[in-house]
Amino acid sequence: RETPSGSLLPPRHAHMECVVCSETVVLPAKFEAPCTVRCGRICHLQCAHRWSLTRDTTEASAGGMRMIDCPCGAGVFAPPCAVCERRIVPPDSSRPTCREPCGRVLAHSICLVAVQRFRAQRCCGLCSQPWVE
């Protein structure tokens, strides 16, 4: 498989390391923070979250939130929405789909509102808990 830029993507079963901490990524990419341009690089959701909590007041376009740039130069590391599967990037607001101790699967706040309005019942893909109301 190739990316739009022509670089090869690693096989899906390949050993992947977090770009930030260099530790093995064991969960599927949909539960972590892959590159927004799908270059094949990935970051642990927790690494991306810790970085994003450090506010940067000079970055007005992201509402002061910091994003981790991917080494590919074209994307940032951001988790996918559990509902629409688009990347959650500023200024989008998001919430966890389930409660602690999991709380790792995220969705756009507006997507969760749509799920509630349709009275759809879903469970977390990671822990199988029902989604929060």
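Just so it is clear, the model here is predicted, and its values are computed rather than measured.

Concerning the overall build of the protein
Inference 1: In terms of regular secondary structure, the protein is built from two helices and four strands.
Inference 2: Put simply, the protein runs from its N terminus to its C terminus through helices and strands in the order β-β-α-β-β-α.
Inference 3: Looking at the protein residue by residue over its 133 residues, the buried ones come to 34%.
Inference 4: Excluding contacts between residues fewer than 6 apart, the proportion of contacts in the protein whose partners are at least 24 apart in sequence is 46%.
Inference 5: Of the roughly 8,600 Å² of accessible surface on the protein, a fraction of 53% belongs to carbon and sulfur atoms.

Digging into the nonpolar core
Inference 1: By size, the foremost hydrophobic cluster in this structure holds 14 residues, and its most contacted members are Cys-81, Cys-124 and Trp-131.
Inference 2: For this core, the secondary structure elements donating two or more residues are strand 4 (106-108) and helix 2 (109-117).
Inference 3: Counting residues per element, this core draws most heavily on helix 2, which supplies three residues.
Inference 4: When neighbours within four sequence positions are excluded, Cys-124 is seen to be in contact with Thr-97, Cys-98, Cys-102, Val-105, Gln-129 and Trp-131.
Inference 5: If you look at the next biggest cluster of nonpolar residues, it comprises twelve residues, including Ala-33, Cys-43, Ala-48 and Cys-70.

Some words on the state of the cysteines
Inference 1: Counted by the stated rule, this structure contains zero disulfides.
Inference 2: No disulfide involves Cys-111; its nearest neighbouring cysteine sulfur is the one of Cys-81, lying 3.8 Å away.

A few points about helix 1 (residues 45-52)
Inference 1: Residues Leu-45, Cys-47, Ala-48 and Ser-52 constitute the buried set of helix 1. What you see down the axis of helix 1 is that its buried residues fit within an arc of 165 degrees, all on one side.

Things to note about the pattern of salt bridges
Inference 1: In this structure the tally under the stated criterion is one salt bridge.
Inference 2: Notably, a salt bridge pairs Arg-104 with Glu-32, separated by 3.2 Å at the nearest N-O pair. One end of the pair, Arg-104, is in the loop between strand 3 (94-96) and strand 4; the other, Glu-32, is in the segment before strand 1 (33-34), and 72 residues separate them in sequence.
Inference 3: Judged by relative accessible area, Glu-32 falls into the buried class, the value being 3%.

Description of unusual backbone geometry
Across the chain, the bulk of peptide bonds are trans and the bulk of non-glycine residues have phi less than zero.
Inference 1: The omega torsion of the bond from Pro-90 to Pro-91 falls at 10 degrees, within 30 degrees of zero and hence cis.
Inference 2: Mapped onto the fold, Pro-91 is located in the loop between helix 1 and strand 3.
Inference 3: Positive phi is not limited to glycine here, since Ser-22 has a value of about 65 degrees.
Inference 4: Among the structural elements, Ser-22 can be located in the segment before strand 1.
Inference 5: What makes Ser-22 partly exposed here is its relative accessible area of 44%.
Inference 6: In the Ramachandran plot, Glu-85 falls in the positive-phi region, its phi being about 70 degrees despite a non-glycine side chain.
Inference 7: Turning to its location among the elements, Glu-85 is positioned in the loop between helix 1 and strand 3.
Inference 8: Residue classification places Glu-85 among the exposed residues on the basis of a relative accessible area of 57%.

Here we look at helix 2
Inference 1: Those residues of helix 2 that fall on the buried side of the exposure criterion are Ser-109, Cys-111, Leu-112 and Val-115. Seen from one end, helix 2 has its buried residues packed into an arc of 160 degrees, which puts them on one side. Along helix 2, exposed side chains directed more than 90 degrees from the buried face belong to Ile-110 and Arg-117.
Inference 2: Along its buried surface, helix 2 packs onto strand 3 and strand 4.

Conventions adopted
Residues numbered from 1 in each chain as written. Predicted model: local features only at pLDDT ≥ 70, side-chain atom pairs only at ≥ 80, totals over all residues. Heavy atoms only, no water. Helix = DSSP H or I, 4+ residues; strand = E, 2+ residues; numbered from the N terminus. Buried < 20%, exposed > 50% of the residue type's maximum accessible area, 1.4 Å probe, protein only. Contact = heavy atoms within 4.5 Å. Areas by Shrake-Rupley, 256 points an atom, 1.4 Å probe, with all protein chains shown as cover. Core = buried A, V, L, I, M, F, W, Y, C linked by side-chain atoms within 4.5 Å. Disulfide = S-S within 2.5 Å. Arc of directions from axis to C-beta. Salt bridge = Lys/Arg side-chain N within 4 Å of Asp/Glu carboxyl O.

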